[in-house]
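Structure at a glance
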Amino acid sequence: QVQLVESGGGLVQNGDSLRLSCAASGGTFSSYSMGWFRQAPGKEREFVAAIRRSGSRRYEDSVKGRFTISRDNAKNTVYLQMNALKPEDTAVYYCAASPSTIATIESSYNYWGQGTQVTVSS
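Keep in mind that this is a model prediction, so the values were computed, not measured.

About the thresholds
- Residues numbered from 1 in each chain as written.
- Predicted model: local features only at pLDDT ≥ 70, side-chain atom pairs only at ≥ 80, totals over all residues.
- Heavy atoms only, no water.
- Helix = DSSP H or I, 4+ residues; strand = E, 2+ residues; numbered from the N terminus.
- Rg over C-alpha atoms; globule rule 2.2 N^0.38 Å.
- Buried < 20%, exposed > 50% of the residue type's maximum accessible area, 1.4 Å probe, protein only.
- Areas by Shrake-Rupley, 256 points an atom, 1.4 Å probe, with all protein chains shown as cover.
- Lys, Arg positive; Asp, Glu negative; His and termini not counted.
- Charge placed at Lys NZ, Arg CZ, Asp CG, Glu CD.
- Contact = heavy atoms within 4.5 Å.

Regarding the overall build of the protein chain
For the protein chain, the helix and strand inventory stands at 0 helices and 11 strands. Along the protein chain, helices (α) and strands (β) appear in the sequence β-β-β-β-β-β-β-β-β-β-β when read from the amino end. Taking 122 residues into account, the globule formula puts the C-alpha radius of gyration at 14 Å, and the protein chain, at 13 Å, falls close to it. With the C-alpha coordinates aligned to their principal axes, the bounding extent of the protein chain is approximately 40 × 25 × 25 Å. Across the 122 residues of the protein chain, 43% fall into the buried class. Entry remark: accessible area of the protein chain is about 6000 Å², with carbon and sulfur atoms responsible for 45%. Within the protein chain, the 10 negative side-chain charges are centred at a point lying 7 Å from the centre of the 13 positive side-chain charges.

Quick look at the structure:
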């Protein structure tokens, strides 16, 4: 059983940066693909970014060039550096862990954090 705890969300202005962290416990962190998803009010949860066990990364098109996902296996932590934030990035951001290499599909993720709110004002 893997437990995930996100942190780092908050209220920022258009163009600002934030770094989200997700600390994992209870499993072999390095064996999981890790992903970030987000859910805006009234919308379905969507894929944002993922980093596989191999270190390869995938991004949703709207965040490419602005967001960077990374992982520190020694600290059992995955990060999401978000730059040039826009109001449309406002959402609850969730960290997730998957034993699969199909890292962009929500259904492949077995473990989820509780989410952290990111609000970008215009």
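Quick look at the side chain of Arg 66
With respect to the helices and strands, Arg 66 occurs in the loop between β6 (57-59) and β7 (67-72). Contact partners of Arg 66, with chain neighbours within four places excluded, come to Gln 81, Met 82, Asn 83, Ala 84, Leu 85, Lys 86 and Asp 89.

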